[in-house]
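Residue-level listing of the chains:
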Amino acid sequence: MSAPRNIILGVTGSIAAYKAAELASLLTKQGAVVHTVMTADALRFITPLPFKTLTRQPVVTDLYAEDEGWKPTHIRLADEADLLLIAPATANCLAKLAHGLADDALTCIALALNPRAKILLAPAMNGKMWLHPATQANVATLQARGAEFIGPEAGMLSCGYEGVGRLWPVADVARRAAELTS
Ligand SMILES: Cc1cc2nc3c(=O)[nH]c(=O)nc-3n(C[C@H](O)[C@H](O)[C@H](O)COP(=O)(O)O)c2cc1C
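Residues numbered from 1 in each chain as written. Predicted model: local features only at pLDDT ≥ 70, side-chain atom pairs only at ≥ 80, totals over all residues.

### Description of the sheet that holds strand β3 (residues 83–89)
Spatial ordering of the open sheet is given by β2-β1-β3-β4-β5, a layout of 5 strands whose pairing is parallel. If you trace the sheet from one side to the other, it starts and ends with β2 (33–38) and β5 (148–149), each paired once. Across 4 bridges, the pairing between strand β1 (residues 6–11) and β3 is parallel. Bridge pairing in β3 places Ile 8 opposite Leu 84. Across the sheet, helix α1 (residues 19–29) lies against β1, β2 and β3, angled at about 175° from β1, the strand it touches most. (Pairing = 2+ DSSP bridges. Helix = DSSP H or I, 4+ residues; strand = E, 2+ residues; numbered from the N terminus. Contact = placed C-beta atoms within 7 Å. Axes fitted to C-alpha atoms, helices over the stretch in contact; angles between N-to-C directions.)

Structure, rendered in structure tokens:
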């Protein structure tokens, strides 16, 4: 039997953050060990409790809340990851990743990620945010570095507008995560 795959599930401050709990459950049922890392803004939308319970793993919400041992948690997670999956990924998060900012646990992990790990990004945002040239340039930068995007899809957005910006269905995101870690 092969070793379980380590997935870091980054959750950022989008209204779609609640859907990430279902995604965490699906990934865990697929046999992955899921380490959820939430940004400060994600905590405005959903608490760590569903993720901790569904994945049976501690949830990282604070860069400085270190577990036992000498190695910083974010470096340990970055070393051990097979996949960094950020769902939902905000426009802000994509900008930080594209420009190499490292001001929280998630972005530190992204920069310190071992070269074996794949990156899968599932954006969710207002359609104008998605189509903004700044966001599209950030997407192109990240794709050129090897990150894969899944979505967003078109439809009715929670901000009240129609457009491209909905989180891709989480069952499909989980399926792609499984393919990337098989
Ligand atoms: C109600 C509400 C919903 C939001 N939804 C989104 C969203 O879906 N996508 C997005 O990019 N930003 C969204 N934002 C803005 C982000 O929360 C904001 O850019 C934040 O700084 C993101 O931080 P993070 O990327 O560190 O999680 C929303 C803000 C509010 C108040």
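### Some thoughts on the site of the ligand
Contacts to the ligand come from 15 residues, most closely from Thr 12, Gly 13, Ser 14, Thr 90 and Met 125. Residue composition of the shell around the ligand, grouped by class: 8 nonpolar, 6 polar and 1 charged. (Near = placed C-beta within 6 Å. Nonpolar A, V, L, I, M, F, W, Y, C, P; charged D, E, K, R; others polar.)

### Thoughts on the environment of Ala 3
Topologically, Ala 3 is positioned in the segment before β1. With 7 C-beta atoms counted inside 10 Å, the residue Ala 3 sits in the exposed group. Between the C-alpha atom of Ala 3 and that of Val 37, which follows or precedes it by 34 residues, the distance is 22 Å. (Buried ≥ 20, exposed ≤ 12 C-beta atoms within 10 Å, placed from the backbone.)

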